[in-house]
Amino acid sequence: MPLSEQEQRLLDEMERHLLHNDADVVSAPSGDRALSYRNLVYGALLLLAGVGGLIVGVVLGDVWGVVVGVIGFAAMLGGVMLAVTPVRRPLSAVPRERATKQKSSASFMDRMNDRWDRRQDGQ
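Residue positions within a chain follow its written sequence, with the count starting from 1. Where totals are concerned, whole chains, interfaces and linings use all residues; where local detail is concerned, this predicted model gives features only for residues with pLDDT of at least 70, and gives and counts side-chain atom pairs only at 80 or more. Side-chain numbers here rest on the full set of heavy atoms in the structure, without hydrogens or water.

Section: helix α3 (residues 63–84)
- Helix length check: α3 (22 residues) gives 32 Å between terminal C-alpha atoms against 32 Å at 1.5 Å per residue, within 8%.
- Turning to α3, its buried residues number three or more, namely G65, G69, G72, A75, M76, G79 and A83. Taken around the axis of α3, the buried residues stretch over an arc of 120 degrees, which confines them to a single face. Of the exposed residues in α3, the ones pointing more than 90 degrees away from its buried face are V63, V66, V70 and I71.
- Note on contacts: a residue pair is in contact if any heavy atoms of the two residues lie within 4.5 Å. For the purposes of this entry, the term helix denotes a DSSP run of H or I that reaches at least four residues, the term strand denotes a run of E that reaches at least two, and both are numbered from the N terminus. Residues of α3 that are buried sit in contact with α2 (37–60).
- Contacts described as polar in this section are N or O atom pairs within 3.5 Å, which, within protein, must combine one atom able to donate a hydrogen with one able to accept it, while residues neighboring in sequence count only if both atoms come from side chains. Sitting at the amino-terminal end of α3 is D62, which places a side-chain oxygen 3.3 Å from the backbone nitrogen of W64. Helix span is expected to be 1.5 Å times the residue number reduced by one. Between buried and exposed lies partly exposed: a residue is buried under 20% and exposed over 50% of the maximum accessible area for its type, with that area taken using a 1.4 Å probe on protein chains only. Starting at the helix axis, one direction is taken to each C-beta atom, and the arc is that of these directions.

Okay, here's the thing in structure tokens:
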């Protein structure tokens, strides 16, 4: 059964709002801090080097193997820490609307109710 014109318009509007809100959710927790792609790449490389060191340590098997394995494990740990550590962005890089939304002390449900009321008043 095909949708009526009004239902199709409403569905399109809901889809646009959902896409817009999903983008807000993805970027919301970052604030003025974000993951750096450079740190992700360096962290992944360090993690791979650590795995290699751990494998070499297991293959060697003697005292040097233990030392190389511990160094490999430390490199893996450091790589993960480097990859997931957020970096501070300059204030100019933070979207202005995001900065104003963070200052709001309203609860999530209050903001959703306000948005719903504004949407209903606009129709």
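Let us keep going from here.
What to know about the side chain of N39
- Within the fold, N39 resides in helix α2.
- With relative accessibility at 10%, the residue N39 sits in the buried group.
- The residues touching N39, leaving out its near neighbours within four places in the chain, are L82, A83, T85 and V87.

Some remarks on a negative patch on the surface
- On the surface, D110, D114, D117 and D121 cluster together into a negatively charged patch.
- Along the chain, D121 turns up in helix α5 (residues 108–122). Each patch groups residues whose relative accessible area exceeds 30% and which form no salt bridge, using 9 Å between like charges and 5 Å between nonpolar side chains of Val, Leu, Ile, Met, Phe, Trp and Tyr. Working definition of accessibility: Shrake-Rupley area with a 1.4 Å probe, residue cover restricted to the visible protein chains. Any Lys or Arg side-chain nitrogen found within 4 Å of a carboxyl oxygen on Asp or Glu counts as a salt bridge. Lys and Arg are tallied as positive, Asp and Glu as negative. Neither His nor the chain termini are counted. One atom stands in for each charge, and that atom is NZ of Lys, CZ of Arg, CG of Asp or CD of Glu.

Some details on the packing of α2 against α3
- Every angle, taken between N-to-C directions, lies between 0 and 180 degrees, and every axis is a line fitted to C-alpha atoms, over only the stretch in contact when it is a helix. At a closest axis distance of 7 Å, the pairing of α2 and α3 adopts a crossing angle of 165 degrees. Here α2 is positioned roughly antiparallel relative to α3, judged by the angle of their axes. In this structure, α2 crosses over α3, and the sense of that crossing is left-handed.
- Throughout this entry, Asp, Glu, Lys and Arg are counted as charged residues, while Ala, Val, Leu, Ile, Met, Phe, Trp, Tyr, Cys and Pro are counted as nonpolar. The remaining residues, Gly among them, count as polar. Of the residues in the contact of α2 with α3, the class split is 16 nonpolar, ten polar and no charged. Just so you know how the angles are binned, under 35 degrees is roughly parallel, over 145 roughly antiparallel, 65 to 115 roughly perpendicular, and the rest oblique. Crossings are sorted by hand: turned counterclockwise from the far helix by less than a right angle, the near helix makes the crossing left-handed, and turned clockwise it makes it right-handed.

On their own, these measurements won't tell you what the molecule is for.
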